[in-house]
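# Examining the three-dimensional arrangement
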Amino acid sequence: MSVNRESTFEDVPSLGAMFFDRVDASRDAEAFRFLIGSQWVSVTWGDTEARVTTLAAGLLALGIAPEQRVGIASSTRYEWILADLAIACAGAATTTVYATTTAEDTAYIIGDSACRMVFAENDEQLTKLAEHRHELPAVRKVISFDGAADGDWVITLDELAELGEKFLVDHPRCVRDAVDAITPDRLASLIYTSGTTGRPKGVRLRHGAWVHQGAAVAALNVVGEDDLQLLWLPLAHSFGKVLLAAQLACGFVSAIDGRIEKTVDDCSVRPTFMAAVPRLFEKAQARMITMAEGGSRLPRALFDRAFTVAADVRRRRLAGRPVRLMQRLQLRILDRLMFVKVRNAFGGRIRFFVSGSAPLNRDIGEWFNDAGMVILEGYGLTETAGGASINTPEQCRLGSVGHAFAGTRVRIADDGFLTITGRLKDMFKTSGGKYIVPSAIEAKFVAQFP
C-alpha cells in the first residue's frame, strides 16, 4: 500500500521566519533553560530574539552573504541555538561539527563546506582550528563561546554582539530584511555524516525542509506551549535539529544540557517529554535495576513483582484476553508502591519519550511501558531532514516506528505501521537461503549485557 499523508502547512518560507513568528506569538513566555554553574536560568522568547538579532547583525557586519556557510563546532548548549538561529536570520547556512570530531575531520568539514566563519565552543575547539588554519583560507573569523579572543582571528560571542549592536544603529532593519529575502529553497544547513568509506559526506538541507519538520511535528498535536523538553541530544545531528524546528513550531520550553551523564540528574526540571537514543534508555533501565538490587529484600521483591504483574497484564491485553480483577488491583497497588518511584526518577511528569537514530530493543520499550512511561519510536534520515515517521501516544505499536509524517510518502503494508528491519546492505543470506540481520542479534546482546 502506498501512503501519502498530505500536509496542511502554512506558507512559512524559512527558519528565520519561523523564529520571528514564534517570538511574536510567545514573546514573554519562557523559551529556554540552561545551567550556569549548578543553577538553572530561564530566558523568554523576547530575550532570545534580542540576542539572536545582535548576533545576526554581527555576522552581517562581518560581511556574511546569503547561503555562505558558518560552522558550529560545539556540544549542545544554549549558545549553539543562538548561533544557529543567528546564522539562519542572517541568511547564511550552518555547517555542524560534533564537539568530539577529530582536529583533522573538523578541518576537513570546515574546509570542504567553504565556511567563512566558525563558532567554536572553547579552547579545545579553537586549538583544532588553529592547528589547521593553513588549510582554512576561507575562514575569516572564529567566534568563541568560552575560549579567549586573540585580537585577530578569534573574537568572543560578546564581541560579535557588540559589532551587531553598532551595525544596527545604521542598519536597523538589516536582520529582518535578510530574513524576508530567504526563500524555502535556500540552503539552511550542511550536516556531515560518516560515509561507509572515505571522508564524511555533507547533506544539503533547505529552509523548506526544516519548516516541514517543525510543521509535521505540530500536525501530530502531541506537544504544545505547556510542555517542557529536556534537550541533551547533539544539535550537530539532524535528530537534534528536528527538535529545534519543532520547538519553533509548537512553542514548548527546552531545558538544555548536552552532558549525557547528567541526563537523569537533569530530570529535576521535571520534563514532560524527552528524546533520546536507545542506548540512553538501556543505561537508565540498568541504573534503576541496580538501585533496586542495592535496597533491602522487600523493595527488590516488590520491584520484581511489579514488573512481573505489569508484563502479564500487558500480554493479556495484547492477546485480547481478560485481565482478572485481582491482577488489576495488584497492579494499582504496585504502581503506587514501585512504579511511581521509577517515574519520579525522571521528574514525575513524563508523558512520553521519543527514541530514534537506532532500533530500540523491544524488551526495553516494554519495560518502560510497564512502568507507565511510553517510548515512541520514530524513524528518519539526515537526507530527509530527520523525521519521516513516528508513533504517537494515541497510536503506538511497540517494535514499529509508527505512521509517516504529514507530507511524507512511503510504501507500507495495509495496517499502516512502518517497521524497520535493518538496512539492505547490512543483511546477508545464509547457505540455507535465509536473510540474517546482524544488528537485530547485536541488539539482543546489548540488552543482556548493558
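Before reading further, recall that the structure is shown in the block above.
Note that the structure is predicted; figures quoted are calculated from it, not measured. (Residues numbered from 1 in each chain as written. Predicted model: local features only at pLDDT ≥ 70, side-chain atom pairs only at ≥ 80, totals over all residues. Heavy atoms only, no water.)

### A word on the side chain of Ser113
- In this structure, Ser113 sits in the loop between helix H4 (103-112) and strand E6 (115-120).
- Take Ser113: its relative accessible area is 3%, and that puts it in the buried class.
- In this view, Ser113 contacts Arg69, Thr95, Leu190 and Tyr192; residues no more than four positions away in its chain are not counted. (Helix = DSSP H or I, 4+ residues; strand = E, 2+ residues; numbered from the N terminus. Buried < 20%, exposed > 50% of the residue type's maximum accessible area, 1.4 Å probe, protein only. Contact = heavy atoms within 4.5 Å.)

### Points about the nonpolar core
- Core analysis: the biggest nonpolar cluster contains 115 residues, and Phe19, Leu59, Phe119, Phe353 and Phe368 have the highest contact counts within it.
- Here the element with the most residues in this core is helix H3 (residues 78-89); it accounts for 10 residues.
- Grouped together as the second largest cluster of nonpolar side chains are 16 residues, Cys115, Leu126, Leu129 and Val154 included. (Core = buried A, V, L, I, M, F, W, Y, C linked by side-chain atoms within 4.5 Å.)

### Re a positive patch on the surface
- Together, Arg317, Arg328, Arg332 and Arg336 line one region of the surface with positive charge.
- By residue number, the principal contributor to the positive patch is helix H13 (residues 325-344), which donates 3 residues.
- On the secondary structure map, Arg328 appears in helix H13.
- For Arg328, a relative accessible area of 39% gives the class partly exposed. (Patch = residues over 30% accessible without salt bridge, like charges linked within 9 Å, V, L, I, M, F, W, Y side chains within 5 Å. Areas by Shrake-Rupley, 256 points an atom, 1.4 Å probe, with all protein chains shown as cover. Salt bridge = Lys/Arg side-chain N within 4 Å of Asp/Glu carboxyl O. Lys, Arg positive; Asp, Glu negative; His and termini not counted. Charge placed at Lys NZ, Arg CZ, Asp CG, Glu CD.)

### Concerning helix H14 (residues 362-370)
- When we look at burial in H14, the residues that qualify are Ile364, Gly365, Glu366, Trp367, Phe368 and Asp370.
- Measuring from the side-chain oxygen of the N-cap residue of H14 to the backbone nitrogen of Asp363 gives 2.8 Å; that N-cap residue is Asn361.
- Once H14 finishes, Gly372 follows within two positions and takes phi at roughly 95°, a positive value. (Polar contact = N/O pair within 3.5 Å; in protein donor to acceptor, adjacent residues only side chain to side chain.)

### Remarks on a nonpolar patch on the surface
- A contiguous nonpolar patch, built from Leu325, Met326 and Leu329 and spanning about 300 Å² of accessible area, is present on the exposed surface.
- With respect to the helices and strands, Met326 occurs in helix H13.

### Re the pattern of salt bridges
- Going through the model one piece at a time under the given rule, you end up with 24 salt bridges.
- Arg22 is the salt-bridge partner of Glu225, the closest N and O atoms lying 3.2 Å from each other. Residue Glu225 is located in the loop between helix H8 (207-220) and strand E11 (228-231), and its partner Arg22 is located in helix H1 (residues 15-26); the two are separated by 203 residues in the primary sequence.
- You can call Arg22 buried: its relative accessible area is 8%.
- When the shortest N-O distance is used, the salt bridge between Asp335 and Arg343 registers 2.9 Å.

Just distances and angles here, no functional claims.
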